[in-house]
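Each chain, letter by letter, is given below.
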Amino acid sequence: METSVDYFELNRQAWNLRTGVHKDSAFYDVDSFKQGKNSLNPLELDALGDVKGKKLLHLQCHFGQDTLSWARLGAKATGVDLSDEAITLARQLNEELGLDAEFVCCNVYDLPQHLKGQFDVVFTSYGVIGWLPDLDKWAQVITHFLKPGGTFFLAEFHPAIWMFDNSFTRVEYPYFNTGGPIVEESTGTYADTEAPISYTEVSWNHSLSEVIGALLQQKLQLVDFQELPYSYYNCFANTAQGPDGFWRIKGFEDKLPMMYSVKMVKPLS
Ligand SMILES: C[S@@+](CC[C@H](N)C(=O)[O-])C[C@H]1O[C@@H](n2cnc3c(N)ncnc32)[C@H](O)[C@@H]1O
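All values reported here derive from a predicted model rather than from experimental measurement. Every residue gets a number counted from 1 within its own chain, in the order that chain's sequence is written. In view of the model being predicted, local features appear only for residues whose pLDDT reaches at least 70, and side-chain atom pairs are presented and counted only at 80 or more, with totals across whole chains, interfaces and linings using the full set of residues. As a rule here, side-chain values cover all heavy atoms of the structure and leave hydrogens and water aside.

Overview of the overall build of the chain
Link 1 in the chain: Helix numbering and strand numbering both begin at the N terminus, where a helix is a DSSP run of H or I of at least 4 residues and a strand a DSSP run of E of at least 2. Helix and strand content of the chain: seven helices and eleven strands.
Link 2 in the chain: Relative to the 2.2 N^0.38 estimate, which gives 18 Å for 269 residues, the radius of gyration of the chain is 18 Å and therefore close to what a compact globule would have.
Link 3 in the chain: Only protein chains enter the accessibility calculation, which uses a 1.4 Å probe; a residue is then buried when its area is under 20% of its type maximum, exposed when over 50%, and partly exposed in between. The buried share of the chain, reckoned over its 269 residues, is 51%.
Link 4 in the chain: Contacts: residue pairs with any heavy atoms within 4.5 Å of one another. Across the chain, every contact between residues at least 6 apart in sequence was considered, and the portion connecting residues at least 24 apart equals 71%. Only C-alpha atoms enter the radius of gyration; for comparison, a globular chain is expected to reach 2.2 Å times N to the power 0.38, where N is the number of residues.

Looking at the site of the ligand
Link 1 in the chain: Taken together, 18 residues form the shell around the ligand, and within it Tyr28, His62, Asp81, Val108 and Tyr126 come nearest.
Link 2 in the chain: Think of a polar contact as two N or O atoms within 3.5 Å of one another; within protein, one of them needs to be a possible hydrogen donor and the other a possible acceptor, and neighboring residues in sequence only count if both atoms come from side chains. Between an oxygen atom of the ligand and a side-chain N or O atom of Tyr28, the distance comes to 2.6 Å.
Link 3 in the chain: Using a 1.4 Å probe, the Shrake-Rupley method yields the accessible areas, and only the shown protein chains count as cover for residues. Summarising the interface, the protein chains cover 95% of the accessible area of the ligand, which totals 600 Å² for the free molecule.
Link 4 in the chain: Throughout this entry, Asp, Glu, Lys and Arg are counted as charged residues, while Ala, Val, Leu, Ile, Met, Phe, Trp, Tyr, Cys and Pro are counted as nonpolar. The remaining residues, Gly among them, count as polar. A breakdown of the residues in the shell around the ligand according to their chemical character gives eleven nonpolar, six polar and one charged. Residues are classed as near a molecule or strand on a simple rule: at least one heavy atom within 4 Å of it.

Observations concerning the sheet that holds strand S11 (residues 259-265)
Link 1 in the chain: The pairing criterion is simple: DSSP has to find at least two bridges between the two strands. Read across the sheet, seven strands follow the order S3-S2-S1-S4-S5-S11-S8 without closing on themselves; strand pairing throughout is mixed. Single-partner strands in this sheet number two, and they are strand S3 (102-105) and strand S8 (221-228). Taking the axes of each pair of neighbouring strands and ignoring which way they run, one obtains an average angle of 15° across the sheet.
Link 2 in the chain: Along the sheet, helix H5 (residues 84-96) makes contact with strand S2 (76-81) and S3, crossing S3 at roughly 170°.
Link 3 in the chain: Lying over the sheet, helix H6 (residues 135-145) contacts strand S1 (55-59), strand S4 (119-125) and strand S5 (146-157), oriented at roughly 140° with respect to S5. The axes used here are C-alpha line fits, helices contributing only the stretch in contact, and every angle between their N-to-C directions lies in the interval 0 to 180 degrees.

Some details on H6
Link 1 in the chain: For H6, the complete set of buried residues consists of Leu135, Trp138, Ala139, Val141, Ile142, Thr143 and Phe145.
Link 2 in the chain: The inward-facing, buried residues of H6 abut S1, S4, S5 and helix H7 (208-217).
Link 3 in the chain: Structurally, the start of H6 carries an N-cap: the backbone nitrogen of Asp136 is 3.0 Å from a side-chain oxygen of Asp134.

Looking at the pattern of salt bridges
Link 1 in the chain: Here a salt bridge means any side-chain nitrogen of Lys or Arg lying within 4 Å of a carboxyl oxygen belonging to Asp or Glu. The full count for this structure, using the stated rule, is nine salt bridges.
Link 2 in the chain: Between Glu201 and Arg18 there is a salt bridge whose closest N-O contact spans 2.9 Å. With Glu201 in strand S7 (residues 198-203) and Arg18 in helix H1 (residues 3-22), this pair connects stretches of sequence that are 183 residues apart.
Link 3 in the chain: On the basis of relative accessibility, which here comes to 12%, the residue Glu201 falls in the buried class.
Link 4 in the chain: Linking Lys147 and Asp120 is a salt bridge whose minimum nitrogen-to-oxygen distance equals 3.1 Å. Here the residue Lys147 occupies a position in strand S5, and Asp120 occupies one in strand S4, the gap between them amounting to 27 residues.
Link 5 in the chain: A relative accessible area of 28% means that Lys147 is categorised as partly exposed.
Link 6 in the chain: Look at Asp120 and you get partly exposed, because its relative accessible area is 22%.
Link 7 in the chain: One network of salt bridges, in which partners are shared, links Glu9, Arg12 and Asp84.

In short, geometric facts, not functional conclusions.
Put into structure tokens, the structure is as follows:
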């Protein structure tokens, strides 16, 4: 058996367990979402503008709140995720809310075997890159699904964050990808740290140059790149909420990059 297959299977099981907790968590607040709350953030909303009528592919969509939020804004949205529990819930929400999004359950690397067509927008966000061992292969999938002239947008937690131990007291992990995965036994989840679940998870740290380099290698053209000193989500330890409502690590307020975004366009020829 290929080693990488084991890693994906471990992560699929971990995300299935997390989904069971996330669907009832205050963090994801599914009730407000059902009542019409849009789960997207200013970064991606500003970057992608009016998506009405656009074909939008959402990679690693979890249980689909963001995919369905794009659908509510008029996009013809398709979400993809490795976790079968997450995709089952996404499809339920889609049906319950009378939306017309589609969902595919597969490894992002296998998507060309599961989905046809090309998209105006390929979107992926917040907590996605670290589950992928090979960013060159990831960028190939993105360019495969982008129409010429189409836009790729990534909003992600900054790799500087992943260098620290869980309590942000010391640097524990390398900034650069050392090739080998980080295999950890974990309990709870960022949406509920006390949740009674335990699992093995497998991740990789990818530097900014590795992410952007893989996309440039596919001849995508960089349109915009941002680094932000706060997180929209309170999903780290030792955080403080600023007057703007966003989250920073106590003691590192406005000293540490916490999110970044990359907007790229596929050339017309
Ligand atoms: C933190 S969530 C990101 C979604 C979004 N920010 C959210 O919170 O709803 C990460 C998602 O990536 C998915 N994932 C991890 N590895 C994957 C892979 N190889 N292919 C497809 N999806 C994957 C997980 O199942 C999980 O749903």
